[in-house]
Amino acid sequence: MSERSFYVRWGRYLVLIALAIPLYIWSWRTADINLIDLVQGAPKARPIISDLVRPSLLARERVTLSVSTVVRVPCDGPAPEPPAAEGPTVSLSATCLNARDPLVVSGSGFRPNTPGRLYWRVAGLEGRLRDEPFETDAQGRFTVQTDIPPLLAQQGGVHALDVELKWEAGTLRPSETLRTTVDKMIETVFLALMATTFGGLVAVPLSFLGARNIMPATLWGNTLYVAVRSFFNTARSIEPLILATIFAIWVGFGPFAGVLALSVHTIASLGKLYSEAAENIDPGPIEAIRSTGANEWQVIWYGVVPQIVPPYVSFTVYHWDINVRMSTIIGFVGGGGIGLELQRWINQLQWNSAATAVWAIVLVVSAMDYASAIVRERLV
Amino acid sequence: MLEIKELTKVYDDGTVALKNVSFTVPDGEFLVIIGLSGSGKSTLLRCINRLIEPTSGQIIWDGVDITAAGQEDLRRIRRQIGMIFQQFNLVKRHTVLTNVLTGRLGYTSTWRSLLGLWSRDDRERALRNLELVGIADKAHNRADELSGGQQQRVGIARALMQAPRLLLADEPVASLDPATSHSVMKYIEWMNRERGLTVLCSLHFLSLARRYGTRIIALRAGELVFDGRPEEIDDRRFKEIYGEDAIEVEIR
Amino acid sequence: MERAEHVPQPAPANRRLLAPLLSFVFPGMGHIYAGRRERGMWIAITTATLLGLLWWLELWSLLPALVPFWLWNAWETRTIVFGRRPSTVKLVMSAAIIVYAIGWRVTEIDVQQLAVGASKIRPFVVSLLQPYYVDREVTYAASSAPVQVPCGDVPPPTAGATGGTVVVPTPPCASVGESITVRGQGFPPNVEGELWWENPIGDRARLRSGGQFITFLTDAQGTFEVRVTVPDMVPRQFQETAQLHKVEARYISEVGPWRLTETSALVAQRMGETIAQALMATTWGALFAVPLSFFAARNPMQFHPLALLVYYLARTALNILRAIEPLIMAIVFVVWVGLGPFAGVLALTMHSIAALGKLYSEAIESIDPGPIEAITATGANRVQVVWYAVLPQVLPPFVAFTVYRWDINVRMSTIIGFVGGGGIGFLLQQWIRLTDFRSASAAIWAIALVVTVLDFFSRKVRERFV
């Protein structure tokens with residue numbers, strides 16, 4: 001390497017670096033990069049990540065057992081009559097209480113080793129107050145010490161005290177979340193299928209108009225070619241999510257809007273891929289067929305079609321795969337599929353449910369990715 | 001008899017591929033066209049069945065002016081002219097049988113061919129022709145599973161299907177190894193001798209041309225520079241055709 | 001595989017009947033019986049899946065659409081027992097009937113809605129051709145006159161001239177729903193104007209007639225005459241008494257020069273943010289993906305079983321990460337670091353790491369061992385081998401993939417704002433929701449332009465490098 005070319009080369013690198021540094025500084029500031037937030041926000045992300053590994057899949061039915069008793073506050077009247085009950089019994093250390101008096105609640109005959117909780121139902125009010133938790137022992141007994149909440153003391157009267165035990169029973173069943181997820185994933189896959197089909201059907205004829213070697217080199221042919229190619233490029237640059245927002249206005253929220261948005265995007269993407277495939281066909285066989293005295297239809301059927309079918313099918317399958325990915329998020333703007341539920345779960349901070357959806361997406365998308373790769377390999 | 005009269009081809013980009021080429025081919029001749037790459041051999045052959053439209057000049061075959069034929073007539077003429085190609089030009093995804101059957105497209109109505117309804121006669125003929133070129137057992141294989149030599153034999157079978165009277169061969173062995181080249185050339189020779197086809201064959205190697213041709217013409221930059229019997233090409237002529245630095249290579 | 005089984009064989013009579021019958025009882029069984037095990041298995045699995053779908057979705061009404069597939073599968077076994085090759089295309093097409101029937105129902109396709117909703121989308125389509133980049137400042141001149149509603153005891157005052165223009169309602173008082181004639185004088189000739197109504201508490205509305213806004217056109221003398229109906233704009237508390245309303249004639253008096261709108265400024269700023277986000281995400285993604293890709297490539301990890309384990313783990317992690325759309329990640333990062341472009345950068349970075357990691361590792365896996373062998377044979381040390389044989393092979397694909405990724409990241413960051421991740425998406429969504437379609441159109445065209453230009457450049461760069 002000569003001396004001169006060495007300096008020219010490094011000089012060029014220096015210029016590039018000199019251009020890149022301000023660009024990066026500007027980008028850094030514009031994109032609002034703040035690594036401190038990333039570290040400080042980490043605790044907020046911890047429950048998300050820990051819940052991500054515990055998706056809600058199976059659930060048993062929940063059983064609730066509630067036993068009520070009553071207590072008078074303050075001690076200024078006759079002892080209230082506790083409601084008659086069979087089965088488990090609850091006894092109180094006192095039948096009436098003054099403010100800040102301790103109260104010992106004990107029970108027997110309950111389900112052993114089960115968590116429970118005390119609730120106060122205030123006389124004359126709706127709703128109830130949460131109080132001490134407890135757990136029954138192996139004999140189904142418990143003792144828990146509490147005092148009356150200030151609100152009850154203030155209100156006065158005969159208040160009810162609920163002893164409530166909750167446990168899971170019955171067989172494991174798919175949780176509600178899982179059922180919704182499966183429903184919506186089916187919708188997602190079909191949404192992508194319909195969009196790919198509609199898009200492909202429109203893209204095939206359009207792709208011929210967008211192929212140089214098929215369009216005649218006349219003024220009309222060129223105009224049509226340029227128009228179709230520009231449409232492909234412009235429509236392709238608009239993300240389906242944006243299209244879906246628009247279609248949601250047109251046909252209302254729901255999977256149909258998503259199908260339409262993805263279809264439009266598919267027409268543009270597949271149209272471009274198809275027309276490039278059509279431009280790349282080998283003219284040899286066409287020449288050979290023509291030299292046998294075949295007419296134009298026969299030339300197309302025997303010379304062109306066998307060459308374009310494999311790439312067309314392969315691109316279509318590939319695009320179905322892409323559309324499945326996209327239809328997982330198209331629900332964010334009302335386009336159907338799993339997206340809507342996922343967003344709802346995240347907004348309500350139901351991270352277990354969100355995790356179910358995310359894992360379902362991972363599973364389906366990976367499976368589609370794998371399947372489409374295999375199909376494409378076989379086709380070539 | 002095939003007469004080429006003052007054939008000229010100028011491409012859209014201004015390249016002159018053929019300049020006033022004239023010669024006559026009597027029936028039953030094995031005419032070999034030699035010349036360097038780009039000398040106009042392929043253009044000449046493609047002008048004869050008008051895969052390329054000549055710019056001026058005439059091609060008259062048995063009194064019919066091919067250059068003046070309308071679309072319908074042209075197709076009728078084309079089906080009597082078989083053609084084989086350097087790159088074989090088979091439809092790779094079709095079976096060998098279907099590829100051979102496409103030789104009958106010029107004789108088959110559009111709707112029958114689009115539905116793939118070949119006549120029993122055509123199918124039998126196709127299998128016979130495949131037997132003739134020795135690859136009947138590959139009839140149901142996909143074309144791209146065959147070796148180069150086998151693919152070219154499919155090309156020959158396809159040309160045979162047309163029951164042609166004239167065969168155009170554009171560098172039929174340029175993509176094949178020497179041993180396979182001879183086997184393919186022998187099939188072409190057989191068609192010429194036994195079936196009485198007139199053959200126009202372009203070749204790269206002079207040795208092959210000497211071995212198979214009954215007559216040789218040579219093109220250089222689109223002009224006819226030699227027309228005569230193989231043995232007339234001596235060292236001086238050879239250098240005229242191929243340039244000063246060329247050395248003759250023997251293909252066995 | 002299909003072809004290899006093409007062996008014509010004689011078909012015993014019992015086979016000819018039993019195979020179709022078995023496949024009729026349950027699809028695929030006859031195929032298995034007739035020796036086409038793989039095909040039979042696939043058919044059986046497909047049938048089970050389809051039945052499962054119908055059961056889960058409770059779409060038993062679509063059962064008839066399964067009949068063609070069921071019957072064709074049985075019929076097809078005859079082809080097999082006669083030793084011919086069954087047509088896969090026809091089988092797939094018969095299955096497509098039921099698949100598309102389900103798809104049609106699940107995705108709630110309603111073609112009619114396209115026509116019904118067309119009126120809602122027309123303003124958008126019109127706006128698409130008029131992106132709100134520039135406008136002109138328009139000054140209106142107006143002249144008004146009082147109208148008494150309804151006619152009262154005190155006669156209404158007459159209007160004074162404002163700037164030479166006079167509006168005269170006749171009669172000067174009327175009840176709601178009655179017609180009055182509004183005449184104008186002293187206006188500029190041949191201008192178009194609008195009529196407005198103002199009630200005593202200051203509510204204003206443009207006057208309509210038969211659902212259409214009323215416009216007037218002045219003649220050569222600058223006068224006009226229109227009949228208008230007194231609108232029901234009487235405030236509730238004034239219903240009994242006669243009050244003074246106003247009728248106003250206004251016209252465009254002055255049109256300022258073209259100027260850029262605020263929308264343009266916003267779009268430009270947000271597009272800048274979009275591009276910066278994509279650049280940052282691509283850079284971070286590439287920086288993390290390069291080391292990761294070596295762990296996710298098979299050939300450098302084959303030296304030890306433990307390394308191979310790392311390879312599998314890295315591969316799986318990349319695949320999982322890649323399957324999750326950046327938009328989903330953005331929601332999580334919005335919770336983590338708050339709304340804004342940084343959340344978008346993080347989401348795009350994660351996705352870029354996964355996507356680039358996979359592409360890089362494939363590039364590493366496909367390097368040609370020839371040059372490595374050749375350079376080693378010259379007696380070069382390991383660093384020299386990497387520098388002269390490995391790097392030249394992986395650098396061009398790495399650069400090409402990275403540039404391509406930037407292109408994709410720009411596309412994605414146009415929508416990451418939909419969930420609060422910064423960039424133009426947030427504004428665009430707002431504008432669409434508020435039906436400010438002209439601004440939305442400005443954003444859409446800006447996106448189209450930037451994405452297309454970047455697409456072009458990334459293609460050029462890739463062509464130079466590959």
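Residues numbered from 1 in each chain as written. Chains lettered and ligands numbered in written order. Predicted model: local features only at pLDDT ≥ 70, side-chain atom pairs only at ≥ 80, totals over all residues.

With respect to the overall build of chain A
Cut-off, in case you're wondering: Working definition: helices are DSSP H or I runs of at least four residues, strands are E runs of at least two. Numbering for both runs from the N terminus. The globule rule used for comparison is 2.2 Å times the number of residues to the exponent 0.38, while the radius of gyration itself is calculated over C-alpha atoms. Between the buried cut of 20 or more and the exposed cut of 12 or fewer other C-beta atoms within 10 Å of a residue's own C-beta lies the partly exposed class, and all C-beta atoms are placed from the backbone. In this description, a residue-residue contact is defined by the distance between C-beta atoms placed from the backbone, which must lie within 7 Å.
Helix and strand counts for chain A come out as 12 helices and 7 strands. The C-alpha radius of gyration of chain A comes to 35 Å, more than 25% above the 21 Å expected for a compact globule of 380 residues. Expressed as a percentage of its 380 residues, the buried residues of chain A come to 37%. Expressed as a percentage of contacts within chain A between residues at least 6 apart in sequence, the contacts between residues at least 24 apart total 69%.

Quick notes on the overall build of chain C
Counting its regular elements, chain C contains 15 helices and 10 strands. For 466 residues, the compact-globule estimate of 2.2 N^0.38 gives 23 Å, and chain C exceeds it by more than 25% at 37 Å. Structurally, chain C occupies a C-alpha span of about 110 × 75 × 45 Å along its principal axes. Across the 466 residues of chain C, 37% fall into the buried class. Here the analysis covers contacts within chain C between residues at least 6 apart in sequence; of these, 68% occur between residues at least 24 apart.

Quick notes on unusual backbone geometry
Proline 150 of chain C follows valine 149 of chain C through a cis peptide bond whose omega is -20 degrees. Structurally, proline 150 of chain C is set in the loop between β1 (134-149) and β2 (166-170). Its identity is not glycine, yet glutamate 6 of chain B carries a phi of approximately 45 degrees, on the positive side. Relative to the helices and strands, glutamate 6 of chain B is located in strand β1 (residues 2-10). With 13 C-beta atoms counted inside 10 Å, the residue glutamate 6 of chain B sits in the partly exposed group. Although it is not a glycine, asparagine 190 of chain C sits at a positive phi angle of roughly 55 degrees. Mapping asparagine 190 of chain C onto the fold places it in the loop between β3 (179-185) and β4 (192-198). Note on asparagine 190 of chain C: 10 C-beta atoms within 10 Å, which makes it exposed.

Some remarks on helix α12 (residues 351-379) of chain A
Rules: Residue count minus one, scaled by 1.5 Å, sets the expected span of a helix.
Over its 29 residues, α12 of chain A runs 41 Å from end to end, which matches the ideal 42 Å to within 8%, given 1.5 Å per residue. Those residues of α12 of chain A that fall on the buried side of the exposure criterion are Trp351, Ser353, Ala354, Ala355, Thr356, Ala357, Val358, Ala360, Ile361, Val364, Val365 and Met368 of chain A.

Quick word on the sheet that holds strand β5 (residues 64-65) of chain B
Residues and elements named next belong to chain B. So the rule is basically this: In this analysis, strands are considered paired if DSSP registers two or more bridges between them. A fitted line through C-alpha atoms represents every axis, and for helices the fit uses only the stretch in contact; the resulting angles, taken between N-to-C directions, go from 0 to 180 degrees.
Pairing is antiparallel across the open sheet formed by 4 strands, whose spatial order is β2-β1-β4-β5. Two strands in the sheet have a free side with no partner beyond their single neighbour: β2 (16-25) and β5. Here 5 bridges tie β1 to strand β4 (residues 56-61), and the two strands are oriented antiparallel to one another. Its bridge partner lying in β4, lysine 5 is registered against glutamine 58. Lying over the sheet, helix α1 (residues 41-48) contacts β1, β2 and β4, oriented at roughly 60 degrees with respect to β2.

Quick word on helix α4 (residues 67-81) of chain C
Compared with an ideal rise of 1.5 Å per residue, which puts 15 residues at 21 Å, α4 of chain C spans 22 Å between its outermost C-alpha atoms and is within 8% of the ideal. Residues of α4 of chain C that are buried: Phe69, Trp70, Asn73, Ala74, Glu76, Thr77, Ile80 and Val81 of chain C.

Considerations on the domain arrangement of chain A
What counts here: Domain delimitation follows an automatic or database domain assignment.
With domains assigned, chain A is organised as domain 1 (3-52), domain 2 (59-174) and domain 3 (176-379). Here the C-alpha centroids of domain 1 of chain A and domain 2 of chain A sit 60 Å apart.

Section: the confidence of the model for chain A
Under the convention used in this document: The pLDDT score gives, residue by residue, the confidence of the prediction method on a 0 to 100 scale.
Model confidence for chain A is summarised by a mean pLDDT of 86, while 98% of its residues fall at 70 or above. Of all secondary-structure elements in chain A, the lowest mean pLDDT belongs to helix α4 (residues 150-155) of chain A, at 75, while helix α8 (residues 255-279) of chain A reaches the highest, 94.

Let's talk about the nonpolar core
Defined as follows: Under the definition applied here, buried Ala, Val, Leu, Ile, Met, Phe, Trp, Tyr and Cys residues are grouped into a nonpolar core through C-beta atoms within 7 Å.
Core analysis: the largest hydrophobic core is formed by 142 residues, its most contacted members being Phe247 of chain A together with Ala330, Phe333 and Ala443 of chain C. The contacts of phenylalanine 333 of chain C, once residues within four sequence positions are left out, are Ala343, Leu346 and Ala347 of chain C. Within the second largest apolar cluster, 75 residues are counted, among which are Ala17, Tyr187, Ile217 and Ala218 of chain B.

Thoughts on the sheet that holds strand β3 (residues 102-108) of chain A
All names here are of chain A. Taken in spatial order, the 3 strands make up an open sheet running β2-β3-β6, and their pairing is antiparallel. Only two strands of the sheet have a single neighbouring strand rather than two, namely β2 (89-92) and β6 (142-147). Each strand of the sheet is rotated relative to its neighbour by a mean of 20 degrees, with strand direction disregarded.

Looking at the packing of α8 of chain A against helix α10 (residues 296-327) of chain A
Residues and elements named next belong to chain A. Short version of the rule: Under this scheme an angle from 65 to 115 degrees is roughly perpendicular, one under 35 degrees roughly parallel, and one over 145 degrees roughly antiparallel; angles in between are oblique. Two helices that cross are described as forming a left-handed crossing if the nearer one is turned anticlockwise from the farther one by less than a right angle, and a right-handed crossing if clockwise. Amino acids outside the nonpolar list (Ala, Val, Leu, Ile, Met, Phe, Trp, Tyr, Cys, Pro) and the charged list (Asp, Glu, Lys, Arg) are all regarded as polar, and Gly is one of them.
Viewed as axis vectors pointing N to C, α8 and α10 meet at an angle of 150 degrees, and their least axial separation amounts to 10 Å. The orientation of α8 relative to α10 falls into the category roughly antiparallel. Where α8 crosses over α10, the two elements pack in a sense that is right-handed. Residue-level contacts link Gly258, Leu262, Thr266, Ser269, Leu270, Leu273, Tyr274, Ala277 and Ala278 of α8 to Ile308, Pro311, Tyr312, Phe315, Thr316, His319, Asn323, Met326 and Ser327 of α10. Among the residues forming the contact of α8 with α10, the class breakdown is 11 nonpolar, 7 polar and no charged.

Structural notes on the interface of chain C and chain A
Each side of the interface is counted separately: chain C has 52 residues, and chain A has 51 residues. The greatest single-element share of the side of chain C that touches chain A, amounting to 7 residues, is contributed by helix α10 (residues 326-337) of chain C. The residue inventory of the side of chain C that touches chain A, partitioned by class, reads 33 nonpolar, 13 polar and 6 charged.

Structural notes on the environment of serine 23 of chain C
All names here are of chain C. Turning to its location among the elements, serine 23 is positioned in helix α1 (residues 13-25). Among the residues examined, serine 23 registers 29 C-beta atoms within 10 Å and is labelled buried. Each C-alpha atom of the pair serine 23 and threonine 77 lies 7.5 Å from the other, and the pair is 54 residues apart in sequence. Contacts of serine 23, omitting those with residues within four sequence positions, involve Gly28, Met29, Gly30, His31, Asn73, Ala74 and Thr77.

Let's talk about the domain arrangement of chain C
We note that the domain assignment places domain 1 (3-106), domain 2 (136-258) and domain 3 (262-465) within chain C. For domain 2 of chain C and domain 3 of chain C, the distance between their C-alpha centroids amounts to 62 Å.

Thoughts on the pairing of strand β6 (residues 81-84) of chain B
Residues and elements named next belong to chain B. Every second residue of β6 is oriented toward a common face, with Ile81 and Met83 on one face and Gly82 and Ile84 on the other, all of them buried. Bridging between β6 and strand β7 (residues 166-170) involves 4 bridges; their strand directions are parallel. Residue pairing across strands places glycine 82 opposite leucine 167, the latter belonging to β7.

Observations regarding the environment of threonine 356 of chain A
Residue and element names in this part refer to chain A. For threonine 356, the location among the structural elements is in helix α12. With 303 residues separating them in the primary sequence, threonine 356 and valine 53 have C-alpha atoms 9.2 Å apart. If sequence neighbours within four positions are ignored, threonine 356 has contacts with Pro55, Ser56, Leu57, Thr177, Leu178 and Thr181.

What about the pairing of strand β10 (residues 243-260) of chain C?
Residue and element names in this part refer to chain C. Both β1 and β10 contribute to a ladder of 15 bridges, which runs antiparallel. By the bridge assignment, proline 146 is partnered in β10 with lysine 246. Looking at chain direction, β4 and β10 are connected through 6 bridges and run antiparallel. Across the sheet, residue tryptophan 197 finds its bridge partner in β10, namely valine 247.

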